[in-house]
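# Structural features, examined
What follows is the residue order along each chain.
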Amino acid sequence: MSSNKVLEQHIAVFGESGSGKTVMLSSFYGSEQEPLNIKKGAFNVVAENASQGTHLHQNYLGMKNSGTVPEATRFASTTYRFILKFKGETEAKRLKAKPFDALRLVWHDYPGEWFEQDVSGPEEERRRIDAFRALLGSHVALLLVDGQKFLENVGEEERYLKSLLSNFRNSLVLLRDDLLEDGKPLVTFPRIWVIALSKADLLPDLDVHGFKELVIEKAGSEIVELRTVLGGLAESEAALSVGEDFVLVSSAKFSTDAIEVTQRIGIDLILPMASVLPFERHLRWAQADKLTKKVAVKLIGNAEVVAAALGAASNIVAVLMGKRNKLAGAVGLALSQLTPKLEDAIKSAGAKLEAADAAAVTKQQNLAATLDGFRKDLDEAEEKAILVRSAG
Amino acid sequence: MSFIWATRGRTWGFRFLRSGGFGDPLPPYDAAFADIDASPSAFRRVGTTVAVRFPDPSGRNDSAGRPIPHEFVVLPPLSDHINDVAGALERIWPLVADEYETVWDSDPS
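Just so we're clear, the structure is a prediction, and the values are computed from it rather than from any experiment.

### A look at the side chain of Arg8 of chain B
Secondary-structure assignment places Arg8 of chain B in the loop between β1 (3–7) and β2 (15–19). At a separation of 3.3 Å, a polar atom in the side chain of Arg8 of chain B contacts the main-chain carbonyl oxygen of Pro67 of chain B. Once residues lying within four places of it in the same chain are set aside, the contact partners of Arg8 of chain B are Ala72 of chain A together with Gly13, Phe14, Asp62, Arg66, Pro67, Ile68, Pro69 and Tyr100 of chain B.

### Section: the interface of chain A and chain B
Contact residues are listed per partner, giving 20 residues for chain A and 21 residues for chain B. Roughly 1700 Å² of surface becomes buried between chain A and chain B when both sides are summed, with 54% attributable to carbon and sulfur atoms. Summed over the three residues of chain A that lose the most area to chain B, namely Arg74, Phe75 and Gln117 of chain A, the buried surface amounts to 34% of that side. Counting every contact that joins chain A to chain B gives two salt bridges. Applying the counting rule to chain A against chain B returns nine residue pairs in polar contact (both at pLDDT 80 or more). Among the elements that line the side of chain A that touches chain B, the one with the most residues is helix α5 (residues 122–135) of chain A, at four residues.

### Focus: the pattern of salt bridges
All names here are of chain A. Counted according to the given criterion, the structure contains 29 salt bridges over all chains. Residue Arg128 pairs with Glu125 through a salt bridge whose shortest N-O separation is 3.3 Å. Within this pair, Arg128 and its partner Glu125 are both found in helix α5, separated by three residues, close to a single helical turn. With a relative accessible area of 13%, Arg128 lands in the buried category. We classify Glu125 as partly exposed; its relative accessible area is 24%.

### A closer look at helix α1 (residues 21–32) of chain A
Here α1 of chain A contains twelve residues, and its C-alpha end-to-end distance of 17 Å stays within 8% of the 16 Å for a straight helix at 1.5 Å per residue. Those residues of α1 of chain A lying buried are Lys21, Thr22, Val23, Met24, Leu25, Ser26, Ser27, Phe28, Tyr29, Gly30, Ser31 and Glu32 of chain A.

### Topic: the sheet that holds strand β5 (residues 69–74) of chain B
In a beta sheet, neighbouring strands pair by backbone hydrogen bonds and run either parallel or antiparallel. All names here are of chain B. One open sheet accounts for five strands, arranged β2-β1-β5-β4-β3; its pairing is antiparallel. Each edge of the open sheet is held by one strand with a lone partner, namely β2 and β3 (42–46). The mean inter-strand angle of the sheet, taken between neighbouring strand axes irrespective of direction, is 10 degrees. Alignment of strand β4 (residues 49–55) against β5, held across six bridges, turns out to be antiparallel. Bridge assignment links Arg53 to a residue of β5, and that residue is Glu71. The strands touched by helix α1 (residues 26–33) within the sheet are β1, β2, β3, β4 and β5, with β5 carrying the most contacts at an inclination of about 100 degrees.

### A look at the packing of aromatic side chains
Under the criterion given, the structure shown has 26 aromatic pairs over all chains. With centroids separated by 5.5 Å and ring planes inclined at 70 degrees, the aromatic side chains of Phe28 of chain A and Phe82 of chain A adopt a geometry described as edge-to-face. Pair noted here: Phe28 of chain A is in helix α1 and Phe82 of chain A is in strand β3 (residues 78–86), with a separation of 54 residues, a long-range link. One exposure class covers both Phe28 of chain A and Phe82 of chain A, and it is buried. Ring geometry for Phe75 of chain A versus Tyr29 of chain B: centroids 5.2 Å apart, planes at 75 degrees, classification edge-to-face. With Phe75 of chain A in the loop between α3 (50–66) and β3 and Tyr29 of chain B in helix α1, the pair connects residues from two separate chains.

### A closer look at the sheet that holds β3 of chain A
Residue and element names in this part refer to chain A. Strand order in the open sheet made by the eight strands is β2-β3-β4-β1-β5-β6-β7-β10, with mixed pairing throughout. Of all the strands in the sheet, the pair left with one neighbour each is β2 (43–47) and β10 (387–388). For β3 and strand β4 (residues 102–109), the ladder comprises eight bridges, and the chain directions are antiparallel. Paired with Tyr80 across the bridge in β4 is Trp107.

### Here's the deal with a nonpolar patch on the surface
Residues Leu151, Val154 and Leu202 of chain A make up a contiguous nonpolar surface patch of roughly 240 Å² in combined accessible area. Structurally, Leu151 of chain A can be placed in helix α6 (residues 147–152).

### Observations concerning the packing of α5 of chain A against helix α7 (residues 157–179) of chain A
Residues and elements named next belong to chain A. Two elements in contact, α5 and α7, have axes separated by 10 Å at closest approach and are oriented at 90 degrees. Considering their axes alone, α5 and α7 lie roughly perpendicular with respect to each other. Counting all contacts with α5, which are made through Glu125, Arg128, Ile129, Phe132 and Arg133, the residues of α7 involved are Ser171, Leu175, Asp178 and Leu179. Its residues placed into classes, the contact of α5 with α7 shows four nonpolar, one polar and four charged.

### Observations regarding the nonpolar core
Counting residues in hydrophobic clusters, the biggest one holds 100 residues, and the most contacted among them are Phe14, Phe28, Phe82, Trp107, Phe150 and Phe211 of chain A. Looking at this core element by element, the count peaks at ten residues for helix α9 (residues 270–287) of chain A. With residues up to four places along the chain from it excluded, the contact list for Phe14 of chain A reads Lys21, Tyr110, Phe115, Leu135, Leu136, Ala141, Leu142, Leu143, Leu144, Phe168 and Trp193 of chain A. Grouped together as the second largest cluster of nonpolar side chains are 21 residues, Trp12, Phe54, Leu78 and Trp104 of chain B included.

Parameters and conventions
Residues numbered from 1 in each chain as written. Chains lettered and ligands numbered in written order. Predicted model: local features only at pLDDT ≥ 70, side-chain atom pairs only at ≥ 80, totals over all residues. Heavy atoms only, no water. Helix = DSSP H or I, 4+ residues; strand = E, 2+ residues; numbered from the N terminus. Polar contact = N/O pair within 3.5 Å; in protein donor to acceptor, adjacent residues only side chain to side chain. Contact = heavy atoms within 4.5 Å. Buried area = accessible area lost by both parts, 1.4 Å probe. Salt bridge = Lys/Arg side-chain N within 4 Å of Asp/Glu carboxyl O. Buried < 20%, exposed > 50% of the residue type's maximum accessible area, 1.4 Å probe, protein only. Expected span 1.5 Å × (residues − 1). Pairing = 2+ DSSP bridges. Axes fitted to C-alpha atoms, helices over the stretch in contact; angles between N-to-C directions. Phe/Tyr/Trp six-rings, centres within 6.5 Å; stacked < 30°, edge-to-face > 60°. Patch = residues over 30% accessible without salt bridge, like charges linked within 9 Å, V, L, I, M, F, W, Y side chains within 5 Å. Areas by Shrake-Rupley, 256 points an atom, 1.4 Å probe, with all protein chains shown as cover. Parallel < 35°, antiparallel > 145°, perpendicular 65-115°, else oblique. Nonpolar A, V, L, I, M, F, W, Y, C, P; charged D, E, K, R; others polar. Core = buried A, V, L, I, M, F, W, Y, C linked by side-chain atoms within 4.5 Å.

Rendered as structure tokens:
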């Protein structure tokens, strides 16, 4: 966290050129600027850099009103920071106990060809390494499978999938020495690698279960190889889900003469996947004893902040925050005692927030309601066969 | 004829097909295009250097359906005679059109 009032979550979207990274980013931000979404939500999504916000909104409106897709990203990566500002007045008494009052989403966009071809020279090479370092410091990663290429290879999906996954793997192998400082494995690392079908509108008959089965059947070996390479980059490599979570994503419905931006799939899951999915998984790994002490303190410390936010409205925050010292001191024992209670506490806190009225509640309650809403969004996406989460 | 040429093909992403004689063409390319927005066509002169962008004259797209742009940083003496996008199309495009025809649908590396 860069501040004690902001929880910062980084998302890494890995995808080849033309797979839809910039469209996805523009759709995410643009849809949050729609007047209808601004009014009904308990929070506003604001780009910290106003020029970047205008640029993304312009991309979105170009798709919506003129049917034009954003320009390809070239020769450089750009980091976008979005703040979720929660509505409502802050209550002075609760301010001290409040873990954070805003959530920041950090999203890195870059040229997809950095996975596919050589760079043009030393400057682009430096930028590529910097971008990959930033991506590998994220909390969750989406690995895009291009729905258009998937469709072009119907019946022979393995050709495309094997090539895609091998390109990712090879890029990471080649950059490994540049990505690790002194060869030390990374503690902050995207430990959940969700495989996402982009342009899912092109494959309307394929639900997430069918997608998952196809990927595993056709490219299971490549997933295992990718996991091995990723495991070599991260400390506590047992705490790693690669190709165990799947999601369908469509930034809009594209046809020959129009782009219907209201026909989105999975874009509303970006925030829940960035914030709540790692939190849930980290708790599970802690319970299963898959984390070293160093990683546990880092990950569960963060999870505890989310839990405290969720629990703020039901007065469990003091209990949770009081356990923080124990966690750092005797992590194994404290985790085994703490984690089941955290899950229970969050569920009961969420139930009390169900009827929250955005116009009347405090900023704290809005924050807690939003995080709890994210948790439910993930559940609902699973019920609708848009998302499947790892059982492990 | 000294110029930097950046473009992409049907299946390959942005790269420099001419370096303008620079060992690393990216810094001078960045400097020339720094204040130019993402419009499909653009022209800017700073001193003796011209930065110009136009969409592929044959209307070719990449495999994702995005129109292909061509971007040039033109140095003197060629830049002395180019004052707008139309002028760039007339003077520069004939110098690279045949080459692009042969590489746009295959990997130039």
